[in-house]
Amino acid sequence: MSLAVQIRQHGGPEELHLADVTVGEPGPGEIRIRHHAIGLNYIDVYHRTGLYPLNMPATIGMEAAGVVEAVGEGVTHLKVGDRAAYASQPPGSYCEQRVMPAKCVCKLPDAISFETGAAMMLKGLTAQYLLKKTLPVQGLVAGDHVLFHAAAGGVGLIASQWAQALGLQLIGTAGTDAKCQLALANGAAHAINYNTEDFAARVKEITGGQGVKVVYDSVGKDTWDKSLECLRPFGLMASFGNASGPVPPFAPGSLGAKGSLYVTRQTLFTHIATRESTQAMADDLYAVVASGQVKIHIDQRYPLAEVQQAHRDLEGRKTTGCTILTL
C-alpha cells in the first residue's frame with residue numbers, strides 16, 4: 001500500500017484527500033519508484049479544477065524524485081537502486097510510491113539532491129525548451145531582449161538565470177516589488193511590477209521603442225493583449241500556461257496589423273515525447289545546474305498531508321521559486 005493524494009471530483013483545494021492505494025509490479029516499459037520529494041506545479045491546479053479534465057478518482061502531480069524499486073521488461077536505462085527524477089505523464093506523483101512509464105524518468109546525478117531533483121524537472125525542462133527550442137523566426141543572440149512573465153515563479157527564476165548565462169537581456173514581470181527584486185537577483189536584466197506599471201510601455205522604453213523578439217507567457221488571459229504590443233515585427237508570442245485563465249479567441253488578422261507576428265502554444269510533453277529527447281533535455285538541465293549557472297530555489301516545503309494549503313498558497317500567488325511536498 002502507498003499513501004496518495006486523490007481527487008474524486010474536480011473543484012477547489014478541499015477536493016484533495018489522502019488515501020491508501022495499492023501499488024503493483026511494473027509491466028513492460030514501466031518502473032516502480034519510491035518518492036523522496038514531490039514537485040508542485042501550476043498544471044496540478046489545472047488538473048484539480050478540471051481545466052485539464054481527468055478520469056475519477058485521480059491522483060495528480062507531474063514531478064518527483066526518488067529511488068527505483070522495480071524495473072519492468074524492456075527498460076534498459078534504469079535499474080533497481082538508481083536515484084531518479086522525472087516530469088512525466090500521466091499525472092500521479094502526489095504519492096509515496098507509484099508504478100509509471102519509464103520513458104521520461106531519468107537518472108539523477110549524485111551531486112543533485114532528491115529535493116532539488118523534484119523541484120527542477122518540470123520547471124527546468126520547461127525553461128530549457130523555451131529558451132533553446134521555442135525561438136523567434138529571426139533567432140536569439142546574445143544581447144537580445146526577451147519578455148518573461150511570472151519571472152519570480154519556479155520556471156521564471158530558472159529562465160532568468162539561464163537567459164543570463166546565454167547572454168540574453170531578460171525583462172521579467174511580477175506582481176509585487178519584492179518579486180521583482182527576486183527576479184533581478186536571479187539574472188533578470190529588468191523587472192516590471194505589472195500591478196503598478198504599464199508593462200507594454202516599459203518594454204518599449206527599455207528596448208528603445210523596438211519591442212522584444214519573443215514573449216514567454218504562462219499567465220494567459222490577463223497579459224495576452226499587452227504582450228502582443230511588446231513584440232517587434234515578426235516577433236513570437238509563446239504561450240505555455242493559463243494562470244489567470246485561458247486566452248479568449250482572437251482574430252488572426254490582428255497579428256498582421258501588429259507586425260506579422262507569430263503565435264505558438266507550447267507544452268512540455270510534446271518536447272519529451274521520446275526517451276532520447278527527454279534525456280538530451282535533462283542532460284542540458286543537469287549541466288547548467290551542476291555548473292552553478294542556474295540555482296534551484298526551493299522557497300516552500302509542505303508535508304504531503306498539507307497539500308490543500310500548498311494549493312491555496314500557489315493559487316493565491318503567495319509562493320516564489322519552487323515548491324515541494326515532503327514525505
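The sections below set out a description of the structure shown in this document. (Residues numbered from 1 in each chain as written. Predicted model: local features only at pLDDT ≥ 70, side-chain atom pairs only at ≥ 80, totals over all residues. Heavy atoms only, no water.)

## Concerning the packing of aromatic side chains
The description of an aromatic ring pair rests on the distance of the ring centres and on the angle between the ring planes.
Then step 1. Taken as a whole, this structure holds 5 aromatic pairs when the rule is applied.
Then step 2. Relative to Tyr-216, the ring of Phe-148 has its centre 5.7 Å away and its plane inclined at 45°; by these criteria the two rings are tilted. A residue pair is termed long-range when its members are at least 10 positions apart, and Phe-148 in strand 9 (residues 145-148) and Tyr-216 in strand 12 (residues 212-217) qualify at 68 residues. The same class applies to Phe-148 as to Tyr-216, namely buried.
Then step 3. Judged by centre distance (5.4 Å) and plane angle (45°), the rings of Trp-224 and Phe-250 are tilted. Of this pair, Trp-224 sits in helix 6 (residues 224-229) while Phe-250 is found in the loop between strand 13 (231-239) and helix 7 (253-257), placing the two residues 26 residues apart along the sequence.
Then step 4. An aromatic cluster of at least three residues, connected via ring pairs, comprises Tyr-42, Tyr-46 and Tyr-52.
Then step 5. Across the ring face of Phe-114, the terminal group of Arg-83 is positioned such that the distance to the ring centre comes to 4.4 Å. (Phe/Tyr/Trp six-rings, centres within 6.5 Å; stacked < 30°, edge-to-face > 60°. Helix = DSSP H or I, 4+ residues; strand = E, 2+ residues; numbered from the N terminus. Buried < 20%, exposed > 50% of the residue type's maximum accessible area, 1.4 Å probe, protein only. Lys NZ or Arg CZ within 6 Å of the ring centre and 35° of its normal.)

## Remarks on the sheet that holds strand 9
Then step 1. Strand order in the open sheet formed by 6 strands is 11-10-9-12-13-14, with parallel pairing between adjacent strands. Two strands bound the open sheet, and with one partner strand each, they are strand 11 (190-193) and strand 14 (262-265). Taken pair by pair, the neighbouring strands of this sheet meet at an average axis angle of 15°, ignoring direction.
Then step 2. Bridging between strand 10 (residues 169-174) and strand 11 involves 4 bridges; their strand directions are parallel. Each residue of the ladder has a partner; that of Ala-174, found in strand 11, is Asn-193.
Then step 3. On the sheet, helix 5 (residues 199-206) packs against strand 9, strand 10, strand 11 and strand 12 and is oriented at approximately 160° with respect to strand 11. (Pairing = 2+ DSSP bridges. Axes fitted to C-alpha atoms, helices over the stretch in contact; angles between N-to-C directions. Contact = heavy atoms within 4.5 Å.)

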